[in-house]
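Understanding the architecture of this molecule
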Amino acid sequence: MELHTFFAYLLIMAGSTYLIRVIPFALIQEKIENQFIQSFLYYIPYAVLTAMTLPAVLYATDHFISALAGVIVAIIFALWGKGLTVVAVAACAAVYVVELFL
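Within each chain, residues carry numbers counting from 1 in the order of the written sequence. Local features in this predicted model are restricted to residues of pLDDT 70 or higher, and side-chain atom pairs are both shown and tallied only at a pLDDT of 80 or more, whereas totals for entire chains, interfaces and linings draw on every residue. To get the side-chain values, take all heavy atoms of the structure and skip hydrogens and water.

1. Describing the packing of helix α2 (residues 35–58) against helix α3 (residues 64–79)
- Helix axes are fitted to C-alpha atoms over the stretch in contact, other axes to C-alpha atoms as well, and angles between N-to-C directions run from 0 to 180 degrees. In this description a helix means any DSSP run of H or I spanning at least four residues, a strand means any run of E spanning at least two, and both kinds are numbered starting from the N terminus. At their nearest, the axes of α2 and α3 sit 8 Å apart, and the two run at 135 degrees to each other. Classified by the interaxial angle, the pair formed by α2 and α3 is oblique. Counted together, Leu 54, Val 57 and Leu 58 of α2 and Phe 64, Ala 67, Leu 68 and Val 71 of α3 form the full contact between these two elements.
- Residues were grouped as follows: Ala, Val, Leu, Ile, Met, Phe, Trp, Tyr, Cys and Pro as nonpolar; Asp, Glu, Lys and Arg as charged; and all remaining residues, including Gly, as polar. Classifying every residue of the contact of α2 with α3 by side-chain character gives seven nonpolar, no polar and no charged. Throughout this description, any angle smaller than 35 degrees is read as roughly parallel, any larger than 145 degrees as roughly antiparallel, any in the 65 to 115 degree range as roughly perpendicular, and the remainder as oblique. By definition in these notes, contact holds between two residues if any of their heavy atoms fall within 4.5 Å.

2. Remarks on the packing of aromatic side chains
- Only the six-membered ring of Trp is used, alongside the rings of Phe and Tyr, when aromatic pairs are assigned; centres must lie within 6.5 Å, and planes under 30 degrees apart are stacked while those over 60 apart are edge-to-face, with the rest tilted. Using the criterion set out here, one finds six aromatic pairs in the structure.
- Both rings, one in Phe 6 and one in Phe 7, keep their centres 5.4 Å apart while their planes meet at 65 degrees; by these two values the pair is edge-to-face.
- Exposure classes here rest on a 1.4 Å probe applied to the protein chains alone. A residue is buried below 20% of its type maximum, exposed above 50%, and partly exposed in between. Take Phe 6: its relative accessible area is 40%, and that puts it in the partly exposed class.
- Using a relative accessible area of 42% as the deciding quantity, one classes Phe 7 as partly exposed.
- Ring geometry for Tyr 59 and Phe 64: centres 6.1 Å apart, planes at 40 degrees, overall tilted.
- Judged by its relative accessible area of 66%, Tyr 59 is exposed.
- Phe 64 gets classed as partly exposed once you look at its relative accessible area, which sits at 43%.
- Through a chain of ring-to-ring contacts, the aromatic side chains of Tyr 42, Tyr 43 and Tyr 46 assemble into a single cluster.

3. Some thoughts on helix α4 (residues 84–101)
- For a helix, the expected span equals 1.5 Å multiplied by the number of residues minus one. Along its 18 residues, α4 runs 26 Å from first to last C-alpha, staying within 8% of the 26 Å computed at 1.5 Å per residue.
- Within the sequence span of α4, burial applies to Val 87, Ala 90, Ala 91, Ala 94, Val 95 and Glu 99. Down the axis of α4, the buried side of the element spans an arc of 165 degrees, and every buried residue falls inside it. Relative to its buried face, α4 has exposed residues pointing more than 90 degrees away, namely Thr 85, Val 89, Cys 92, Tyr 96 and Leu 100.
- The inward-facing, buried residues of α4 abut α3. Summarising the geometry, the arc corresponds to the directions from the helix axis toward the C-beta atoms.

Such coordinate-based values are descriptive only and should not be taken to indicate function.
Encoded structure:
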């Protein structure tokens, strides 16, 4: 790729990501009172993070079944209120055990 093409792509990407972040601050001056919009905006980061992470997690192991076992164990431990480290270690252990049998 030529250098001027790279910088053109870089400027377009930087401009578009910057505008996505700046436009809401410029357009919305007062506090949002609508409860639906507040709850929608609250859950957006979690939904985006899940949509980006879950496909990578499901295809990160040798077998889909072991990845699914790890996700299920992680969800169970998270619902039990365990910390991030405990959830991650339990999920990794579940994947390891399932991979031993496959």
